[in-house]
Amino acid sequence: MFKAKFAAVVSAASVALFSPVVAYAEPATVNPGNQIEIHFSNHKVSLCTLTAVVKDKKGDLYGATAGHCVRKRDDGSPVKKISSRNVPISDDSFMNNYYGDNSFHHNPNGKTFNDLAIFKLSPGVTTSGVIEGGIPIDNSKSLSDVQKWDNVCKYGRSTQKTCGKVTKIDYQRGSVEASVFAIGGDSGSPIYSVDDNGKAHIIASLSGGYIGNDNINFGDEVSEDFAQWGVEVVGQDNIPQPSPAPAPSPSPLPGIPSTPPKPAVPGLSSGSSLLSSW
């Protein structure tokens, strides 16, 4: 039976009480397993975990997380921006360019399971190609290459690294279940395996678990969706080169007014527990 509890929604002010604000130098560097803060237009904030950093054929970077983390609130409020450790990594103009089912649905007939979304990262945001904690990333791993009882780990913002075994694989629904401990805020945690060379292969994005047992949790596979969306996981061997920073505008000479800027162009089924911290 799926869990039926949700963590409470917290305001931006409340987040600061429980998660002290830490100054980080920009531009931001984000990696799978990092905490992300999802800011909504109603001024509420929820906490989740970054599944992966992926890139498209042009080299543009996207962040991936559980789809339910970025769905609209019950009052219809959309995401306004996403930050990681209090540094903005995507605003509403980039959130408008995302893929995935951000409404989340779990078909009670067991035929579909979709809980993955990607959002475009702001210019200047980079990645190190490692899982939080320093494990180098190779790529994603298809469910067809995963077997029951394989060793896997997950890294989440709430419980960090926990490891266990694959306990169930549903190829039709594209989901995997594993004995990895997780609680609220761990939604989006990368579920991954480590090969003989010490490199991580991301299998799924953690989504939820079961009543009375935080040690068994399930996630949505990523390999097939990433392939459909035309993106690939960024690891240490395929990090895009950052675009050069634009040259600063020359300072106006004394006594000569500067040119004013141009105006802007107007323009789970009943009982599911999704492990975001609302």
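K.L.:
Summarise the pairing of strand β18 (residues 200-210); cite the residues concerned and give the values.
P.N.:
In terms of burial, β18 is largely enclosed, as 11 of its 11 residues are buried. Pairing analysis gives five bridges linking strand β17 (residues 190-194) to β18, with the strands arranged antiparallel. The partner of serine 193 across the bridge, within β18, is histidine 201. Sheet topology note: the β18/strand β19 (residues 213-221) ladder contains six bridges and is antiparallel. In the sheet register, glycine 209 faces β19, and the bridge partner there is asparagine 217. Here β18 folds back onto β19 in antiparallel fashion, the turn holding two residues, of which glycine 212 has a positive phi close to 75°.

K.L.:
Provide a residue-level description of the pattern of salt bridges, including the pertinent values.
P.N.:
Pairs may arise between side chains of opposite charge once their charged atoms sit close together. Taken as a whole and judged by the stated rule, the model has five salt bridges. Ionic pairing is found between glutamate 232 and lysine 55, a salt bridge with its closest N-O pair at 3.9 Å. In this pair, glutamate 232 is assigned in strand β20 (residues 232-233) and lysine 55 in strand β4 (residues 52-55), connecting sequence segments 177 residues apart. A relative accessible area of 41% places glutamate 232 in the partly exposed class. Taking relative accessible area as the criterion, lysine 55 reaches 14% and is therefore assigned buried. The shortest N-O distance in the salt bridge between arginine 173 and aspartate 170 comes to 3.9 Å. Across the pair, exposure class does not vary: arginine 173 and aspartate 170 are buried alike.

Reading the values: rules and limits
- Residues numbered from 1 in each chain as written.
- Predicted model: local features only at pLDDT ≥ 70, side-chain atom pairs only at ≥ 80, totals over all residues.
- Heavy atoms only, no water.
- Buried < 20%, exposed > 50% of the residue type's maximum accessible area, 1.4 Å probe, protein only.
- Helix = DSSP H or I, 4+ residues; strand = E, 2+ residues; numbered from the N terminus.
- Pairing = 2+ DSSP bridges.
- Salt bridge = Lys/Arg side-chain N within 4 Å of Asp/Glu carboxyl O.

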